[in-house]
Amino acid sequence: MKKQKIGDLTANEIRDVDRKELKVKLESYLANVMHTTFERATAEELYKGLATVVNGQLADQRMEFNRKRIHNHRRKDTSKKIYYICMEFLLGQSLKNHLYNLGETEMVEEILQERDMTLEQIYDCEPDAGLGNGGLGRLAACFMDALTADGYDATGYSLCYEYGLFKQMIADGWQMEVPDNWLPGGRVWLNAREDDSFKVKFYGDYHEYWEDGRMKYNLEHVQEVEAIPYDMFISGADSKAVNKLRLWLAKDWDGFDMASFNSGDFTKAAQRTNSAEMITKVLYPADNIEEGKELRLKQQYLMVSASCQNIVRDQYAIYGTLDNFEKNTVIHINDTHPALCVPELMRIFMDDYGYSWDDAWKKVVGTISYTNHTVLAEALEKWNEGLVQSMLPRIYSIIQEIDRRFKEEMNTRVFPGDWGKINYMAPLGEQKVHMANLAVIGSHHINGVSALHSDILKEDLFHDFYLWVPERFTNVTNGIAYRRWLCQSNPALASLLDETIGSSYRHKYEKLRDFAEFKDDASVQAEVEKIKRENKVRLGKLIKERNGIDVDPDSLFVVQAKRMHEYKRQLLNALRIISRYQMLRNDPTIDMRPETYIFGAKAAPSYYLAKHFIQLIVKLGQEINNDPVISQKLKVVFLENYSVSVAEKLMPATEVSEQISLAGKEASGTGNMKMMINGAVTMGTLDGANVEIREAVGDENIFIFGQKAHEVEQNLREGYRARDYYEQNDLLRDAVDALEYGFAGESFSNIKSYLLDPSYSIADPYMCLKDFDDYCKVHQELQDAYEDRARWNSMSIVNIAEAARFAADRSIDDYAKWIWHTKPIV
Ligand code: 26W
């Protein structure tokens, strides 16, 4: 609640009034809804009360912002409405973020002091909104934050999953999935808008016919599902804007079968409603591997259809026509999951508003832009044509026509007769709908998420499209909501920045770079070191609570936290740890600084190899941590249930950021940016945004190893033989052999054969063995650098400062300028 000076009141007096007002609202909620008082309320009740009060404040501020939005439309098209569509928004907790953005943190702290309670106790009551898997969903959340802080008129669209990403429990090293029932604590942020639902049609008997020179169709016996919106407010730091994330929940209000009910068959009576409600029951827990399941296609179409209907209806209501739709509207599809927007918008424009194919197509391509987030073949979505045709017959017919026209244009104007190319680019082929092709064809811009990744799109995955329409391809390097990941998560570092460079960096990300001037300042170095140590102590307490392990805050904290995946090569990290362990077993007296290796990672439930990797790390940790001698120098911690709220505690304590994917495979990475901005130094390959991190900090402030992306390609082409590396390097051979004997009583010979002689595919497909030697050498250089405390702290300072360019505000500036062609409205 930022207020100007009112009458003769001082700033302090105004704050006093605001605090009292907030407390009165809190008390009234506690009395009326919770039937308790401020004095008696539990932490849980106070959380819900505060969340409700804050939500109310955001609603008021949203009304103000709506006035600005309407004013903006009246001025006609000075800026566009941005619709950001994504299957995942990994928001995490909201209360802390909203209080920070509204400038009310201290005020609430004071109120809680009356109860001898801390804000942390209240924050701990809020479940994470885990409506996403990892990188993609967290990026979407960071972007909504930046869009709002920077004053854009933006709406996010997604699904209201009743169960978010599973909670991970580790039993004897094995990952178990527990449902994440987040709504009991999370629904305080949801504003139900049952009055504003949309109907979405599935299946049905479809046939086309010609009348008066126009194609017409009949669609009968469809299954209609209702998409009910649940809105969440998105706040931005000190911003006048309040945006919305609209989450669709599937319902079938009319589906209850009264006849079955009356005859006593209650199961049958509820069958239809249950099957509709299944659609938004649970988030698919897969990241970068394809799950070609019917229900997932239903989820995608429900989200797409409800969102597109909503967008078109709203734009029509404002402008009274859709003739300028593409000039007023941005629809951004985040990866291919919402790519059905292309045919769905065509359907709406043609069937509901009577536009011709050509006019509708111009609107679609003029409006949609698409970001690709992965080049992994197994993550590229392809749906069976038969499935699409039966579930979405009208949409399928439109895709067929897009395909027909596309092939015709390619064959007549672009690549005449080159059917190899044309078939590779087409939306339909081999009885599949190729979603990436559909997305590229239907978008005016296509971007990757780091410079390297965008180059790979142009040179490899989308090369033929690039030859056809080079001007559509561009790059926007990812960014993070640094007010969350630095200012809120690491308040001590944020205060040091306030003292040294002033607080303007909290709004102007470029200002953060000024901190580099202090890289050789001994007192600032000492301060940075002290803050890091305090954060390590704090994380140490959490590790003790959760894992029962004592970690030494003076040991080196090496962290790899991200989804578990072969291409991310947690296995390479583990092999090196095994090697360190063997070194210490041979000579436990080695004089070395203790090392703490920390992992956080969830595996897709059906990804068995990834689950075995988790088990390896956990068991290796058990054996090492229980060895009374070796555990003095080495510890391995697997943090269960890695999530946004765990990450917020982990990032500030990280010293070494492990970013060691096989070059060319990690599209960008964003954890690398979060660790960097908290002063960690990167140990990484030249992959994703690591390339740009290196450019930003210079070679002397990062540790790079391993093959480059083009070398990977060449080495694979020439025939990679993992066994050669195993045979030539004694340390590596010993580490790999140790897998067979295993750790803490568990053999990992399956992982050894994965590296040397698999029963399928090639040995060690992500080339851990080839990069092992360089990894070890460069890690040693890093550890030597760490012992020169002045040098290390100076590296840390440079990393913090140069993380400026990885602010989500910068990414949003880039999207607005180069892709969306729009501006903020406040
Ligand atoms: C169909 C299953 C599925 C689910 C999710 C396939 C692919 C995805 C996502 C697109 C994968 C993903 O999250 N990619 C990550 O996106 C981040 C944000 O751009 C990048 O930083 C990561 O490098 C990339 O792996």
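We now turn to the structure provided with this report. (Residues numbered from 1 in each chain as written. Predicted model: local features only at pLDDT ≥ 70, side-chain atom pairs only at ≥ 80, totals over all residues. Heavy atoms only, no water.)

Focus: the overall build of the chain
Stated formally: Going along the chain from the N terminus, every DSSP run of H or I of four or more residues is numbered as a helix, and every run of E of two or more is numbered as a strand. The globule rule used here is 2.2 Å times the number of residues to the 0.38 power, and the radius of gyration it is set against is calculated over C-alpha atoms. Three exposure classes are used, based on accessible area relative to the maximum for each residue type with a 1.4 Å probe and protein chains only: buried under 20%, partly exposed in between, and exposed over 50%. We call two residues in contact when some of their heavy atoms are within 4.5 Å.
Helix and strand counts for the chain stand at 35 helices and 25 strands. Computed over its C-alpha atoms, the radius of gyration of the chain comes to 28 Å, within 12% of the 28 Å expected for a compact globule of 826 residues. Projected onto the principal axes, the alpha-carbon positions of the chain cover approximately 90 × 80 × 60 Å. Expressed as a percentage of the 826 residues in the chain, the buried residues total 61%. Sequence separation of 24 or more characterises 76% of the internal contacts of the chain that already satisfy a separation of 6 or more.

A short note on the pattern of salt bridges
For clarity, the cut-off: The term salt bridge refers to a side-chain nitrogen of Lys or Arg lying within 4 Å of a carboxyl oxygen of Asp or Glu.
Following the criterion strictly, the structure yields 60 salt bridges and no others. The salt bridge partner of arginine 272 is aspartate 252, with a shortest N-O separation of 3.0 Å. Residue arginine 272 is found in helix α10 (residues 271–277), and its partner aspartate 252 is found in the loop between β12 (242–251) and α8 (258–262); the two are separated by 20 residues along the sequence. The partner of aspartate 520 in a salt bridge is lysine 519, with the nearest N and O atoms 3.5 Å apart. One network of salt bridges, with partners in common, ties together Asp196, Asp231, Lys244, Arg246, Arg313 and Asp314.

Structural notes on a nonpolar patch on the surface
The cut-off we apply is this: Residues forming no salt bridge and having over 30% relative accessible area are the ones grouped into patches, like charges within 9 Å of each other and nonpolar side chains (Val, Leu, Ile, Met, Phe, Trp, Tyr) within 5 Å. Per-residue and other accessible areas were derived by the Shrake-Rupley procedure at a 1.4 Å probe size, with only the shown protein chains allowed to occlude residues.
A cluster of nonpolar side chains, namely Phe256, Met258, Phe261 and Phe266, defines an oily patch on the protein surface of about 390 Å² accessible area. With respect to the helices and strands, methionine 258 occurs in helix α8.

Regarding unusual backbone geometry
With a phi close to 50°, aspartate 238 is a non-glycine residue in the positive phi region. Locating aspartate 238 in the fold gives a position in the loop between β11 (223–235) and β12. The phi dihedral of glutamine 431 falls on the positive side, at around 60°, and the residue is not glycine. Checked against the element boundaries, glutamine 431 lands in the loop between β16 (428–429) and β17 (432–434).

Focus on empty space enclosed by the protein
The following threshold applies: In this analysis, the protein atoms alone were mapped onto a 1 Å grid. Cavities are point sets where a 1.4 Å probe fits without being able to get out; pockets are open sets with protein on both sides within 12 Å along at least five of seven lines; lining residues have an atom within 4 Å of a point. Grid points are joined across faces, edges and corners, and a volume is the space filled by probe spheres set on the points.
Counting across every chain of the model gives 6 cavities of 30 Å³ or more. Roughly 170 Å³ of volume is contained in the largest cavity. What lines the largest cavity is a set of 15 residues, and nearest its centre among them are Leu91, Ser94, Asn97, Ile234 and Arg484. Mapped by element, the contributors of at least two residues to the lining of the largest cavity are α3 (95–102), α6 (135–149) and β11. Of the volumes computed, that of the second largest cavity is approximately 90 Å³. Looking at the second largest cavity, the residues that line it are Phe202, Gln223, Glu224, Val225, Asp252, Arg272, Ser275, Ala276, Ile279 and Lys298.

What to know about the sheet that holds β16
Note the threshold: Each pair of strands is called paired provided DSSP finds at least two bridges between the two strands.
One open sheet holds the 3 strands; their spatial order is β15-β17-β16, and the pairing between them is antiparallel. The sheet is open, and its two edges are formed by β15 (382–384) and β16, each paired on a single side. The pairing of β15 with β17 spans 3 bridges and is antiparallel. Within β17, the position partnered with tryptophan 383 by the bridge is valine 433.

A few points about the site of the ligand
Rule in force here: Near residues are defined by distance, with any heavy atom within 4 Å of the molecule or strand qualifying the residue. N or O atoms within 3.5 Å of each other form a polar contact, as long as, within protein, one can give a hydrogen and the other can take it, and as long as residues adjacent in sequence are counted only when both atoms are side-chain atoms. Polar here means any residue outside two lists: the nonpolar Ala, Val, Leu, Ile, Met, Phe, Trp, Tyr, Cys and Pro, and the charged Asp, Glu, Lys and Arg; Gly therefore counts as polar.
In the vicinity of the ligand there are 20 residues, among which His373, Asn478, Glu666, Ser668 and Gly669 approach most closely. Leucine 136 places a polar main-chain atom, nitrogen or oxygen, 3.1 Å from an oxygen atom of the ligand. Coverage of the ligand by the protein chains reaches 98% of its 580 Å² of free accessible surface. Across the shell around the ligand, the residue classes break down as 8 nonpolar, 7 polar and 5 charged.

Regarding the packing of helix α14 (residues 357–367) against helix α16 (residues 393–414)
What counts is decided by this rule: Lines fitted to the C-alpha atoms define the axes, with helices restricted to the stretch that makes contact. Angles between their N-to-C directions range from 0 to 180 degrees. Any angle that is under 35 degrees is reported as roughly parallel, and any over 145 degrees as roughly antiparallel; angles of 65 to 115 degrees are reported as roughly perpendicular and all others as oblique.
The N-to-C vectors of α14 and α16 enclose an angle of 90°; their axes lie 13 Å apart at closest approach. When the axis of α14 is compared with that of α16, the two are roughly perpendicular. Contacts between α14 and α16 involve Trp357, Asp358 and Trp361 on the former and, on the latter, Ile398, Glu401, Ile402 and Arg405. Taken together, the residues that form the contact of α14 with α16 break down as 4 nonpolar, no polar and 3 charged.

Quick notes on helix α1 (residues 11–32)
So the rule is basically this: Expected helix span is taken as 1.5 Å per residue step, with the number of steps being one fewer than the number of residues.
With 22 residues, α1 extends 32 Å between its outermost C-alpha atoms, agreeing within 8% with the 32 Å of an ideal straight helix rising 1.5 Å per residue. Among all positions of α1, only Ile14, Asp18, Arg19, Leu22, Lys23, Leu26, Tyr29 and Leu30 are buried. The inward-facing, buried residues of α1 contact α2 (43–74) and α4 (105–113).

Some remarks on the side chain of asparagine 641
With respect to the helices and strands, the residue asparagine 641 is situated in the loop between β22 (634–639) and α26 (644–650). Assessed through its relative accessible area of 18%, asparagine 641 is described here as buried. A polar contact of 2.9 Å, which involves the side chain of asparagine 641, links it to the side chain of lysine 602.

Quick word on the packing of aromatic side chains
Basically, it comes down to this: A pair of aromatic rings is counted whenever rings of Phe, Tyr or Trp (Trp by its six-membered ring) have centres within 6.5 Å, and the orientation is called stacked for planes under 30 degrees apart, edge-to-face for over 60 and tilted otherwise.
In this structure the tally under the stated criterion is 28 aromatic pairs. With 5.8 Å between their ring centres and 85° between their planes, phenylalanine 198 and tryptophan 248 make a pair best called edge-to-face. Remark: tryptophan 248 occurs in strand β12 and phenylalanine 198 occurs in strand β8 (residues 198–202); sequence separation between them is 50 residues. An identical accessibility class is assigned to phenylalanine 198 and tryptophan 248; each is buried. Three or more aromatic residues joined by ring pairs make a cluster, and in this case those are Tyr370, Phe406, Phe462, Phe465, Tyr466, Trp468 and Phe473.

Details of the packing of helix α24 (residues 570–586) against helix α31 (residues 730–741)
With their axes 9 Å apart at the nearest point, α24 and α31 run at an angle of 100° to one another. As summarised for this structure, α24 and α31 are arranged roughly perpendicular, according to the angle between their axes. Only Leu731, Asp734, Ala735, Val736, Ala738 and Leu739 of α31 make contact with α24, whose side of the interface consists of Leu575, Ile578, Ser579 and Gln582. Looking at side-chain class alone, the contact of α24 with α31 contains 7 nonpolar, 2 polar and 1 charged residues.

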